[in-house]
Amino acid sequence: MPAPLLELSDLQKYFPVKIGSLLRRKVGWVKAVDGVDLAIFPGETLGLIGESGCGKTTTSKLILLQESPTAGTILMRYRREVQVVFQDPYSSLSPRMRIGDIIAEPLEIHTDLSREALAERVAEVLELVGLQPDLARLFPHEFSGGQRQRIAIARALATNTRLIVLDEAVSALDLSIRAQIMNQLEELQQTLGVSYLFIGHDLATVAHISDRIAVMYLGQIVELADSLELCARPLHPYTQALFTAALPSHPDERHERLAITGEVPSALNPPSGCRFHPRCPHAMPRCAVEAPVRKEAAPQHTVACHLY
């Protein structure tokens, strides 16, 4: 197996909670990311799923150096060659800049290419994402949502990127455009060997594009497995609940629903032991006092649960 392109080890990010208008006294910590271990290998897509507020976006910000970790390590072989594509392509593209200038901007920052070489690279990446090079003279408002997302991908590819963080990158698109963008991403991966961290909450989308999937709950990875293995045999009760709550692939398909009660606990005061135990239908007394360690329950399938 090749060396990982990116490796996170016991990664933590705590945000201080302060009260008072003048002295701002610290009263606690929001544990947004708490002990995350992950690796992404060259040419693979790692999916990251979980409910809103579980720490997915904070993890991506740590990888992109938009936030500094409280503890833990981020080992990255090619730090400058990491880019991001956000959920809303329009808000990430300056309305005052032409598309060609938007795509060329990271090249102007990180390289010393001539204007002719910049124009050639812009044309090259536009063609890679299925757009005509002469569209570089247009502004973002002159494109559809799907086209704007292709432009955002082109900008991410401009600097010979090795890893692209896709943070809900297709969630705002309708189904037909979403399928086109996903097919485009897969073609680019086959052509360029680029790796993806695909963050999302739609299980069908994440499962379709990912080689492996990590499941996150309250700042921690509770399960990690190959995509097909996880879809066929989810082990953690939280993962099982996510799959039973998702829409079936066929209207006649029936599956048993796993009952989960209560609200997601606050990351300011997470439960002791297993963080899922207050909502888990299989909770045991041990779960309330002892935090499970993620370990291999099947080949290439790890889970943090006392049931295994």
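Scope of this entry: the structure provided in the associated data block.

Rules used in this analysis
Residues numbered from 1 in each chain as written. Predicted model: local features only at pLDDT ≥ 70, side-chain atom pairs only at ≥ 80, totals over all residues. Heavy atoms only, no water. Helix = DSSP H or I, 4+ residues; strand = E, 2+ residues; numbered from the N terminus. Rg over C-alpha atoms; globule rule 2.2 N^0.38 Å. Buried < 20%, exposed > 50% of the residue type's maximum accessible area, 1.4 Å probe, protein only. Pairing = 2+ DSSP bridges. Axes fitted to C-alpha atoms, helices over the stretch in contact; angles between N-to-C directions. Contact = heavy atoms within 4.5 Å. Core = buried A, V, L, I, M, F, W, Y, C linked by side-chain atoms within 4.5 Å. Polar contact = N/O pair within 3.5 Å; in protein donor to acceptor, adjacent residues only side chain to side chain. Parallel < 35°, antiparallel > 145°, perpendicular 65-115°, else oblique. Left-handed = near helix turned anticlockwise from the far one by under 90°. Nonpolar A, V, L, I, M, F, W, Y, C, P; charged D, E, K, R; others polar.

## A short note on the overall build of the protein
Each helix and strand counted, the protein has 8 helices and 11 strands in total. Its C-alpha atoms give the protein a radius of gyration of 21 Å, within 12% of the compact-globule value 19 Å for 308 residues. When its C-alpha atoms are laid out on the principal axes, the protein stretches across 65 × 60 × 40 Å. Within the protein, the proportion of its 308 residues that are buried is 48%.

## Side note on the sheet that holds strand β2 (residues 25-40)
Taking strand neighbours across the sheet as the criterion, the 3 strands line up as β2-β1-β4 in an open arrangement whose pairing is antiparallel. With partners counted over all chains shown, the strands left at the sheet margins are β2 and β4 (71-76), one partner each. Strand-to-strand twist across the sheet, computed as the mean angle between neighbouring axes with direction ignored, equals 25°. Two elements, strand β1 (residues 6-19) and β2, share 12 bridges in a ladder whose sense is antiparallel. Opposite Leu 8, over in β2, you have Leu 38 as the bridge partner. Packed on one face of the sheet, helix α1 (residues 56-63) meets β1, β2 and β4 and runs near 115° to β1.

## Structural notes on the nonpolar core
Ranked by internal contacts, the top residues of the largest apolar core, which has 55 residues, are Val 85, Ile 103, Ile 153, Ile 164, Leu 166 and Leu 185. Considering each element in turn, this core owes the most residues, 6 residues, to helix α4 (residues 145-157). Counting 26 residues, the second largest nonpolar core, distinct from the first, contains Leu 6, Cys 54, Ile 199 and Leu 224.

## A word on the side chain of His 236
Summarising the element assignment, His 236 is placed in the loop between α7 (227-232) and α8 (237-245). Residue class for His 236 comes out buried when judged on its relative accessible area of 2%. Separated by 3.0 Å, the side chain of His 236 and the backbone nitrogen of Tyr 238 make a polar contact. Of the polar contacts made by the side chain of His 236, one reaches the backbone oxygen of Ala 304; its length is 3.2 Å. Once residues within four sequence positions are removed from consideration, His 236 is found in contact with Val 222, Glu 223, Phe 276, Val 303, Ala 304 and Cys 305.

## Topic: the packing of α4 against helix α5 (residues 175-192)
Their axes nearest at 10 Å, the elements α4 and α5 cross at an angle of 20°. In this view, α4 runs roughly parallel relative to α5, as classed from their interaxial angle. Judged by the sense of rotation from one axis to the other, the crossing of α4 with α5 is right-handed. On α5, the residues that touch Gly 146, Gln 149, Arg 150, Ile 153 and Leu 157 of α4 are Ile 177, Gln 180, Ile 181, Gln 184, Leu 185, Leu 188 and Leu 192. Looking at side-chain class alone, the contact of α4 with α5 contains 7 nonpolar, 4 polar and 1 charged residues.

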